[in-house]
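# Reading the structure
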Amino acid sequence: MKLRAPILFLAGALAALGAGWLGFPRVIYRTQAQPVDFSHRIHAEKAGSKCDDCHAFRADGTFAGAPTLDKCASCHAAPMGDSAAEKKFIDQYVTPQREPAWLAYARQPENVFFSHITHVKRANLKCERCHGDQGSATTLRPYQYDPVSTYSRQVMSMDACIACHREQHKDHSCLDCHK
């Protein structure tokens, strides 16, 4: 009898923690599709494109992110294949010269500074190190965001960055990234 209350309390606490741990991300994040059905695999394998052919750096060294329509239109002024997705892309974006409203997967909080050029050019890290094997992806993953903070559900976490820095023997202070 005396053990019943603590056991019930512990079971309730574990159930609440489990529901929060598993359920909270499903409740807080909203999912939205990217505006264009895109296959990295087709562009990497058939067209021989590399990451930096479309995802380039600006003159000041900052990362330009998703490619602009002129990058796409240089190859896709007319359909190169017979897929419905490519025809739709040309009809909806290329012909009317309307930029796709790409959703940024890893928009960082305002107090975080991340330099792609430092990691790619100076540290010689491959894009796959942080972004995974996008070159073999046939579709874009759904964009997930927190409607309260408006931040995306990031691929990278601070823990992953710290682990990589330690692995590379690059110990830095918090203020290197947090401004």
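Residues numbered from 1 in each chain as written. Predicted model: local features only at pLDDT ≥ 70, side-chain atom pairs only at ≥ 80, totals over all residues. Heavy atoms only, no water.

## Looking at the nonpolar core
To be explicit about the condition: Note on terminology: a nonpolar core comprises buried Ala, Val, Leu, Ile, Met, Phe, Trp, Tyr and Cys residues joined through side-chain atoms within 4.5 Å. The buried label applies to any residue whose accessible area, calculated with a 1.4 Å probe on protein chains only, is under 20% of its type's maximum; exposed applies above 50%, and partly exposed to all values in between. A run of H or I in DSSP counts as a helix once it spans at least four residues, and a run of E counts as a strand once it spans at least two, with each numbered from the N terminus. Here a residue-residue contact requires only that any non-hydrogen atoms of the pair lie within 4.5 Å.
Of all hydrophobic cores here, the largest spans seven residues; its members are V36, L69, C72, F89, I90, Y93 and V94. Of all the secondary structure elements, the ones that give two or more residues to this core are α4 (69-73) and α5 (84-94). Ranked by the residues each element gives to this core, the list is headed by α5, at four residues. The contacts of L69, once residues within four sequence positions are left out, are F89, Y93, V94, Q97, R98, E99 and P100.

## Remarks on the confidence of the model for the protein
Using the following cut-off: Residue-level confidence of the predictor, termed pLDDT, takes values from 0 up to 100.
Mean pLDDT over the protein works out to 84, with 98% of the residues at or above the 70 mark. Per-element mean pLDDT across the protein ranges from 83 in helix α1 (residues 4-28) up to 90 in α5.

## Notes on a nonpolar patch on the surface
To keep things clear, this is the line we draw: Patch rule: a residue counts if its relative accessible area is over 30% and it has no salt bridge; like charges are joined within 9 Å, and nonpolar side chains (Val, Leu, Ile, Met, Phe, Trp, Tyr) within 5 Å. Computed with the Shrake-Rupley method and a 1.4 Å probe, the accessible areas treat only the protein chains shown as cover for residues. Here a salt bridge means any side-chain nitrogen of Lys or Arg lying within 4 Å of a carboxyl oxygen belonging to Asp or Glu.
Residues L10, L14 and L17 make up a contiguous nonpolar surface patch of roughly 330 Å² in combined accessible area. Tracing the sequence through the fold places L10 in helix α1.

## Quick notes on the pattern of salt bridges
A full pass over the atoms with the stated rule returns three salt bridges. For D91, the salt bridge is made with K87, and the minimal N-O distance between the two is 2.9 Å. In this pair, D91 and K87 both sit in helix α5, four residues apart, roughly one turn of the helix. Note on K87: relative accessible area 49%, which makes it partly exposed. Taking the shortest distance from any N to any O, the salt bridge between R129 and E167 comes out at 3.1 Å.

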